[in-house]
Amino acid sequence: MLLCVTANHRNTPFDLLERLSVDAERLSAQVAGSHDAVRGAVSISTCNRVEVYLDIDAPDLKAREIASRAVGDALDGLAGVGTAEALSNAELLNDARAVHHLFSVSAGLESVAVGEEEIAGQVKRAAAAARELGTTSPALDRAFQQAIRTARAARAEGDASATGRSLVRLALDLVGSRLRDWQGVNVLLIGTGQYAATTVAALRERGADRIRVYSPTGRAQVFAERSATEPTNELSPSLTWADVVITCTTRLSVDVDDVPQDATFYAVDLGLPRNIDPEVGELEGVTLLDLETVRMHAPLVQWSAAEDARAVVDAAAHEYSAHAQVTPAIVALREHVLSIVDAEIERVRRRGDDGRAEESLRHLAGVLLHTPSTLARQHAARGDADAFGQAVTTLFGIEVAEQAAAAAGGDAAASGADAVDDGEQGEAVGLGG
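Predicted model, so just to flag it, every value in this text is computed and none were measured.

Conventions adopted
Residues numbered from 1 in each chain as written. Predicted model: local features only at pLDDT ≥ 70, side-chain atom pairs only at ≥ 80, totals over all residues. Heavy atoms only, no water. Buried < 20%, exposed > 50% of the residue type's maximum accessible area, 1.4 Å probe, protein only. Helix = DSSP H or I, 4+ residues; strand = E, 2+ residues; numbered from the N terminus. Pairing = 2+ DSSP bridges. Core = buried A, V, L, I, M, F, W, Y, C linked by side-chain atoms within 4.5 Å. Expected span 1.5 Å × (residues − 1). Polar contact = N/O pair within 3.5 Å; in protein donor to acceptor, adjacent residues only side chain to side chain. Contact = heavy atoms within 4.5 Å. Phe/Tyr/Trp six-rings, centres within 6.5 Å; stacked < 30°, edge-to-face > 60°. Lys NZ or Arg CZ within 6 Å of the ring centre and 35° of its normal.

Caption draft 1: Summary view of the pairing of strand E8 (residues 244-247). Along E8, one buried face is formed by Val244 and Ile246 and the opposite face, lined by Val245 and Thr247, is buried too. Here strand E5 (residues 186-190) runs beside E8; their pairing, made up of four bridges, is parallel. Within E8, the position partnered with valine 187 by the bridge is valine 244. Where E8 and strand E9 (residues 265-269) come together, four bridges link them in parallel fashion. Along E9, the bridge assignment pairs valine 245 with alanine 267.

Structure (structure tokens):
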């Protein structure tokens, strides 16, 4: 069963989200090792969400209990936020709802700036990291890969690249509305990660031609060479120089003591946890825009074709989940037919087959299985998945649930059937009231 525990900007106060900001890989590792029933865990931790996708081998209610406890305890241990508080506003989504949420997140439809482009890359990196660490499962990996493909299709349909919306761009639009022109504006960028590279690109698009980079970890020189910006190792003098300061790191980088008395600038804090002490915004001459401010100014819809993009996500998630419902029956039928074929192959081998009979039998098995598998998915798409499972049981005497459970041990059968994880659609459940 696939589940998702999500605390995000729609359901969790910003100050709590900030406290829950943890390293995604460590979160995945702790959750994956928390219980024998947890087959895998993949975490996404960004400036607007902390969520864990889990593959749990347990019945619905038990799986929910395991998921909430595993994620809550991991956040308690990593962020120092008690389990009850950490999950006080979070949602638990299972099966079809978890899949739909993952697809929507990947497409940027659940972001502060609807249609932001960065989230797809963050989802892709989360899946790759979990695969490398061994915390994912075949079912989770398939779901994430399909989510990434769906995000590309949704972006093409919604024309996100044309509207160019992202959290960075939205923040720059807010600052830009107070500037006459970006050309000639002194911009200090604090941070050298992927988000910083995205920020530089967005600044260039707007005509910014004076960008200085400071890194709390001393990486400014390397980043500057790659991005054709000016490196600096001195923070306070650069704050005096700057007209606009943009931060996007993983640590507090600017506090009141860093800001010279004569400094005057717009500060954009894109970090989570905060990169700029809120008291800096109280200083004369400093105007601070943090993620909370950006979120308050975010339009509800920022894609010119957002509804088309949503339609792509809805259709893809529905198809994925519908296929999941018939997977146990497809797997069971496949295992039944192949066991008969294997027995017959063993018989002809004993009679001295030169390989041609075995080849023919395996080809015949594939032909026989193709049409039922195709029809099963068509039935599932029409909401009639149970009928196929009942037919398999009636015609072949196969107990679908038992056969599928046996095959799911190594997930080999499911992969062979081009299958997805099994389960029924669940409801969103608030954790901790």
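Having seen the model, we can carry on.
Caption draft 2: Unusual backbone geometry, seen in detail. In this structure, aspartate 95 is a non-glycine residue whose phi angle is positive, near 50°. Within the fold, aspartate 95 resides in the loop between strand E4 (91-94) and helix H5 (96-106). Overall, aspartate 95 belongs to the buried group, its relative accessible area being 7%. The phi torsion at alanine 228 lies on the positive side, around 55°, for a residue other than glycine. Considering the arrangement of structural elements, one finds alanine 228 in the loop between helix H11 (220-227) and strand E7 (230-232). Overall, alanine 228 belongs to the exposed group, its relative accessible area being 61%.

Caption draft 3: Highlighting the nonpolar core. Within the largest apolar cluster, 34 residues are counted, with the highest numbers of intra-cluster contacts made by Trp182, Val187, Leu189, Leu203, Val244, Ile246 and Leu270. Of all the elements in the fold, those that place two or more residues in this core are helix H9 (167-176), E5, helix H10 (194-205), strand E6 (210-214), H11, E8 and helix H13 (291-297). When residues of this core are assigned to their parent elements, the largest contribution, seven residues, is made by H9.

Caption draft 4: A look at helix H3 (residues 60-79). Given a rise of 1.5 Å per residue, 20 residues ought to cover 28 Å, and the 28 Å separating the end C-alpha atoms of H3 matches this to within 8%. Along H3, the residues classified as buried are Ala63, Arg64, Ile66, Ala67, Ser68, Ala70, Val71, Gly72, Ala74, Leu75 and Leu78. Glycine 80, located one to two residues past H3, shows a positive phi value of around 75°.

Caption draft 5: Molecular detail of the side chain of threonine 83. Its location among the elements puts threonine 83 in helix H4 (residues 83-86). Polar contacts involving the side chain of threonine 83 include one to the main-chain carbonyl oxygen of glycine 72, which spans 3.4 Å. Aside from chain neighbours lying at most four places away, what touches threonine 83 is Arg69, Gly72, Asp73 and Asp76.

Caption draft 6: How the structure looks around the packing of aromatic side chains. Enumeration according to the criterion identifies one aromatic pair in this entry. Ring centres of tyrosine 53 and phenylalanine 144 lie 5.4 Å apart, and the angle between their planes is 85°; on these two criteria the pair is classed as edge-to-face. Remark: phenylalanine 144 occurs in helix H7 (residues 138-158) and tyrosine 53 occurs in strand E3 (residues 49-56); sequence separation between them is 91 residues. With a relative accessible area of 3%, tyrosine 53 lands in the buried category. Classification of phenylalanine 144 as buried rests on a relative accessible area of 1%. Above the plane of the ring of tryptophan 241 lies arginine 212, whose end atom (NZ or CZ) is 3.9 Å from the centre.

Caption draft 7: Up close: the environment of cysteine 47. Relative to the helices and strands, cysteine 47 resides in the loop between strand E2 (38-46) and E3. The spatial distance from the C-alpha of cysteine 47 to the C-alpha of leucine 17 is 8.1 Å, given a sequence separation of 30 residues.

It is worth stressing that arrangement in space is one thing and function is another; only the former is reported here.
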